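# A closer look at the structure
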Amino acid sequence: MESRWVIAFLLLSLQPLLGASYLRARKNYIVHLDRRGGPVDSLEEWHRSFLPRTAAPEWEVEPDGGAEDHGPRIIYSYSDVFTGFAARLTDEEAEALRATEGCLRLYPEVFLPLATTRSPGFLGLHLGNEGFWSRSGFGRGVVIGILDTGILPSHPSFGDDGLEPPPKTWKGTCEFKAVAGGGCNNKIVGARAFGSAAVNSSAPPVDDAGHGTHTASTAAGNFVENANVCTRSRCSIMDIIAGLDAAVKDGVDVLSFSIGAQSGTQFNYDPIAIAAFQAMERGIFVSCAAGNAGPDPGSVGNGAPWMLTVAAGTMDRAIRTTVRLGNGEEFDGESLFQPGNNSAAKPLPLVYPGADGSETSRDCSVLRGAEVSDKVVLCESRGLNGRIEAGQTVSAYGGVGMIVMNRAAEGYTTFADPHVLPASHLSYDAGTKIAAYINSTANPTASIAFKGTVMGALPAPAVTFFSSRGPSKASPGILKPDITGPGMNILAAWAPSESHTEFSDGGVGLSFFVESGTSMSTPHLSGIAALIKSLHPDWSPAAIKSAIMTTSDAVDRTGVPLKDEQYRHATFYAMGAGYVNPALAFDPGLVYDLHADDYLPYLCGLGLGDEGVTEIAHRPVTCANLKATTEAELNYPSLIVNLLAQPITVNRTVTNVGKPNSVYTAVVDMPRDVSVTVQPPMLRFAEAKEKQSFTVTVRWAGQPSVAGAEGNLKWVSDDHIVRSPIVVPPKAA
């Protein structure tokens, strides 16, 4: 059986193209123009007209005459999702351009990080006749655009046996030319490269980092047996916009964007938010990574309400290790490296270099051979990355095993890494107990046992420590992230990678590999959105988002509230509405719908002004002619109420996408000190696609709480539960 999504792959890459002296002289900028002065004839000519008159010709050659020291003045001319172009300018030219009529602003080039199996079964995407996959036709005819590091077309995840040709709406191109082992087909329907490396270059968009192949196969890969826009680590903002522009022009249905974004940028100063608005207006669903900057509050990126912002959660699969101490205590951890010849199977001396209090000793950056040789070494985690490097250091100094313990903020989130020696990644709680044991005895020992893949690990799901948290700094009155999906230890297709030389087996690159991050959770949601789009091709992006959010799970597989990395009750600022449940999302009963014009009063209410809203909408907007609304009034599937002494009443409208003659009753679940009244308390729908409006009034039932409150509004019928989170934010001390 093969999934029938098709992939339009957009490689974003930035490699040195120009000579060093040229790069010192000129910098890359995105130039944002006022659309009202748009082109009469040629878009490119209009863009070139903004280059300062003192600027050199469109193509530059450095005085030293080096043949390699050249490049275009205008790198990209954006046409569909952004009004403007990307260009190379000196500081003086940039300053002159800022003063030019029709130029709104210049954005210096910045680089955004990549926000880097069991998951289909865990999500309930079964292959039988009753499964969501089969009922949706496996996403037949839906094109997913992936903006990432490229794709390995020869991988079996992208074979096209039995697949139909791409839909007639597809207008894209394929830049794979004579690529060994494969190219575009009825699965990979298009592939393009963007970035300085792609300018005047015939290099195809082949993935040499692994990240793009991993995310693409997660979103839309085939079922492969025996599988229990960017450089290798970052992406240029100007290349990202070029990729979005091409994706819209080519006719994708879903855009998957596994790239982090800066938190708190005002939307009209955020080229990605502006471009995504245009994609949304054309009916394209945009799924974005929340980022890997958690667990700090306010760290969430990609927070515009017209995008789905995806957090990362765990599953019930563990690649299990067990550490046994000399006193008999045992602690379960994880490691992808499960050696047949285990040098740490028997009790060995156990040492903690960090006992001396040195930071570099604690994380095993600096070791002494005599201290760790022939021992199991306890090392503190280095954060999101660095665990494999710690093992390499331990091994280089003669250590025979390693225990990685989390730091306090990382809690119980553990990674299955391809360690170079027997190792186990344990929680902070387990690590502190092991450190105490070492300190309590003169001859501490430990052994590590490897138990392979274990299903049914609990609690599951839970939110990972690294997943970025709300509130959104750009719009704190809109709940972000929106949703949580599988983003921890995700097995998917892999491409050979020079940056991950440890990911090989006897010199042969692995076909599948485990990765973690909101980069991994995002393509899961992109694939689910494609399934829903296939079943409901007339649904708007907002309707698809509503279906995903209102049917999500706020409890884990045992029926208790979802937990965070500390195994505490996860807040909505950590998990969004909840953990995605695709089996319910295709039939949500009711949806909270929005279209492009519905966002304009909200944007006016944010205080962006006429110019700011015009920049996002790509058309003239006068806020005085609109009724500006608060963030709470946006017809969003969740509700944040900044409650003070007085009650607050907001309006919502739902559309019946279920059966006619349906009746829904409002059920509110909130703490006792918050009162929520819904009017009317019952909604009756005589027809499908009928709309009904209601009000929600929130007030303190007792004394206002500095800690805030969270709960849910549920519309309940015989067949559906449509759940919306309600958040009263905590007050600053």
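Quantities reported herein were computed from a predicted structural model and do not represent experimental measurements. (Residues numbered from 1 in each chain as written. Predicted model: local features only at pLDDT ≥ 70, side-chain atom pairs only at ≥ 80, totals over all residues. Heavy atoms only, no water.)

## Considering the overall build of the chain
- For the chain, the helix and strand inventory stands at 18 helices and 35 strands.
- By residue count, 58% of the 733 residues in the chain fall in the buried class.
- Surface exposure of the chain reaches about 27900 Å², of which carbon and sulfur atoms provide 50%. (Helix = DSSP H or I, 4+ residues; strand = E, 2+ residues; numbered from the N terminus. Buried < 20%, exposed > 50% of the residue type's maximum accessible area, 1.4 Å probe, protein only. Areas by Shrake-Rupley, 256 points an atom, 1.4 Å probe, with all protein chains shown as cover.)

## Some points on the environment of Ala-624
- Note that Ala-624 resides in the loop between helix 18 (609-617) and strand 28 (639-640).
- As a C-alpha pair, Ala-624 and Pro-601 span 23 residues in sequence and 9.8 Å in three-dimensional space.

## Concerning the state of the cysteines
- Within this structure, the stated rule accounts for two disulfides.
- Each sulfur of the disulfide joining Cys-364 and Cys-379 lies 2.0 Å from the other. Since a negative S-S torsion denotes a left-handed disulfide, the Cys-364-Cys-379 link at about -90° is left-handed. Of this pair, Cys-364 sits in the loop between helix 9 (359-362) and helix 10 (369-372) while Cys-379 sits in strand 18 (residues 376-380), placing them 15 residues apart in sequence. An identical accessibility class is assigned to Cys-364 and Cys-379; each is buried.
- What pairs with Cys-604 in a disulfide is Cys-623, and their sulfur atoms sit 2.1 Å apart. Here the S-S torsion is close to -85°, and the disulfide linking Cys-604 with Cys-623 is therefore left-handed. (Disulfide = S-S within 2.5 Å.)

## Some thoughts on the environment of His-425
- Positionally, His-425 belongs in strand 20 (residues 423-426).
- Taking the C-alpha atoms as reference points, His-425 and Asp-332, 93 residues apart in sequence, are found 8.5 Å from one another.
- Contacts of His-425, omitting those with residues within four sequence positions, involve Gly-333, Glu-334, Arg-387, Val-404, Asn-406, Thr-413, Thr-414 and Phe-415.
- Among the polar contacts listed, one links the side chain of His-425 to the side chain of Asn-406, at a separation of 2.7 Å. (Contact = heavy atoms within 4.5 Å. Polar contact = N/O pair within 3.5 Å; in protein donor to acceptor, adjacent residues only side chain to side chain.)

## A short note on the sheet that holds strand 32 (residues 682-685)
- Taken in spatial order, the five strands of this open sheet run 28-35-34-30-32, and their pairing is mixed. The open sheet terminates on both sides in strands that have one partner only, identified here as strand 28 and strand 32.
- Relative to strand 35 (residues 721-728), strand 34 (residues 709-716) is paired through eight bridges, and the arrangement is antiparallel. Residue pairing across strands places Val-716 opposite Ile-721, the latter belonging to strand 35. (Pairing = 2+ DSSP bridges.)

## Focus: the packing of aromatic side chains
- Enumeration according to the criterion identifies 14 aromatic pairs in this entry.
- Among the aromatic residues, those joined into a ring-pair cluster are Tyr-76, Tyr-78, Phe-82 and Tyr-107.
- The cationic tip of Arg-105 hangs over the ring face of Tyr-269; the distance from NZ or CZ to the ring centre is 3.8 Å.
- Above the ring of Phe-415, the side-chain terminus of Arg-387 is found at 3.7 Å from the ring centroid. (Phe/Tyr/Trp six-rings, centres within 6.5 Å; stacked < 30°, edge-to-face > 60°. Lys NZ or Arg CZ within 6 Å of the ring centre and 35° of its normal.)

## Re the nonpolar core
- Counting residues in hydrophobic clusters, the biggest one holds 56 residues, and the most contacted among them are Tyr-78, Ile-241, Phe-277, Trp-306 and Leu-603.
- If you list the elements that add at least two residues to this core, you get strand 5 (74-78), helix 7 (237-250), strand 12 (254-257), helix 8 (271-281), strand 13 (285-289), helix 14 (541-550), helix 17 (599-605) and helix 18.
- Mapping this core onto the domain boundaries places at least three of its residues in each of domain 1 (27-51 + 70-108) and domain 2 (143-315 + 463-586).
- When near neighbours in sequence (up to four residues on either side) are disregarded, Trp-306 contacts Phe-267, Ala-273, Ala-276, Phe-277, Met-280, Lys-545, Tyr-599, Tyr-602, Leu-603 and Ile-616.
- In terms of nonpolar packing, the next biggest core, distinct from the first, is built from 26 residues, Tyr-664, Val-696, Ile-726 and Val-728 among them. (Core = buried A, V, L, I, M, F, W, Y, C linked by side-chain atoms within 4.5 Å. Domains from an automatic or database assignment.)

## Concerning the sheet that holds strand 5
- Read from one edge to the other, the open sheet built from four strands follows the order 5-6-2-7, with strand pairing classed as antiparallel. The outermost strands of the open sheet, each flanked by one partner alone, are strand 5 and strand 7 (103-108). The mean angle between the axes of side-by-side strands here comes to 20°, regardless of whether they run parallel or antiparallel.
- Across the sheet, helix 7 lies against strand 2 (27-33), strand 5, strand 6 (84-89) and strand 7, angled at about 40° from strand 5, the strand it touches most. (Axes fitted to C-alpha atoms, helices over the stretch in contact; angles between N-to-C directions.)

## Details of unusual backbone geometry
- In the segment running from Leu-458 into Pro-459, the intervening peptide bond is cis, with an omega of -5°.
- Turning to its location among the elements, Pro-459 is positioned in the loop between strand 21 (445-455) and strand 22 (483-486).
- Along the chain, Lys-480 connects to Pro-481 via a cis peptide bond; the corresponding omega equals 0°.
- Relative to the helices and strands, Pro-481 is located in the loop between strand 21 and strand 22.
- Of note in the backbone geometry, Cys-364 takes a positive phi value of approximately 65° without being a glycine.

## A word on the side chain of Thr-551
- Relative to the assigned elements, Thr-551 resides in the loop between helix 14 and helix 15 (572-575).
- A polar contact is formed between the side chain of Thr-551 and the backbone oxygen of Ala-547, at a distance of 2.6 Å.
- Setting aside its immediate chain neighbours within four residues, Thr-551 contacts Asn-581, Leu-584, Ala-585 and Pro-588.

## Regarding the confidence of the model for the chain
- When pLDDT is averaged along the chain, the result is 83, and 77% of the positions lie at 70 or above.
- Of the regions scoring below 50 in pLDDT, residues 197-201 engages in seven contacts with residues more than four places distant in sequence or in other chains.
- Of the regions scoring below 50 in pLDDT, residues 498-509 engages in 16 contacts with residues more than four places distant in sequence or in other chains. (pLDDT = per-residue confidence, 0-100.)

## Examining the packing of helix 8 against helix 18
- Relative to each other, helix 8 and helix 18 sit at 55°, their axes nearing to 8 Å. Viewed along their axes, helix 8 and helix 18 adopt a mutual orientation that is oblique. Side by side, helix 8 and helix 18 meet where Ile-274, Phe-277, Gln-278 and Glu-281 of the first sit next to Glu-615, Ile-616 and Ala-617 of the second.
- Among the residues making up the contact of helix 8 with helix 18, the classes are represented as four nonpolar, one polar and two charged. (Parallel < 35°, antiparallel > 145°, perpendicular 65-115°, else oblique. Nonpolar A, V, L, I, M, F, W, Y, C, P; charged D, E, K, R; others polar.)

## Regarding the pattern of salt bridges
- Per the stated rule, a full pass over the model turns up 24 salt bridges.
- Taking the shortest distance from any N to any O, the salt bridge between Arg-619 and Asp-597 comes out at 2.4 Å. Taken together, the positions of Arg-619 in the loop between helix 18 and strand 28 and Asp-597 in the loop between strand 27 (590-591) and helix 17 put the pair 22 residues apart, joining distant regions of the chain.
- Note that Lys-659 is salt-bridged to Asp-719, the shortest N-O span being 3.6 Å. You can see Lys-659 sitting in the loop between strand 29 (648-656) and strand 30 (662-669) and its partner Asp-719 sitting in the loop between strand 34 and strand 35, a full 60 residues away along the chain. For the pair shown, Lys-659 and Asp-719 are each scored as exposed.
- Among the ionic contacts, a cluster of salt bridges with common partners joins Glu-359, Arg-362, Glu-380 and Arg-407. (Salt bridge = Lys/Arg side-chain N within 4 Å of Asp/Glu carboxyl O.)

## As for helix 18
- Every buried residue of helix 18 is accounted for by Gly-612, Val-613, Thr-614, Glu-615, Ile-616 and Ala-617.
- Phi turns positive, to about 60°, at His-618, one or two residues after helix 18.

## Brief notes about the pairing of strand 31 (residues 674-679)
- Covered by surrounding structure in strand 31 are Val-674, Val-676 and Val-678 only, the residues Ser-675, Thr-677 and Gln-679 on the alternate face being uncovered.
- For strand 31 and strand 33 (residues 691-700), the ladder comprises six bridges, and the chain directions are antiparallel. In the strand pairing of strand 33, Ser-675 is matched with Arg-699.

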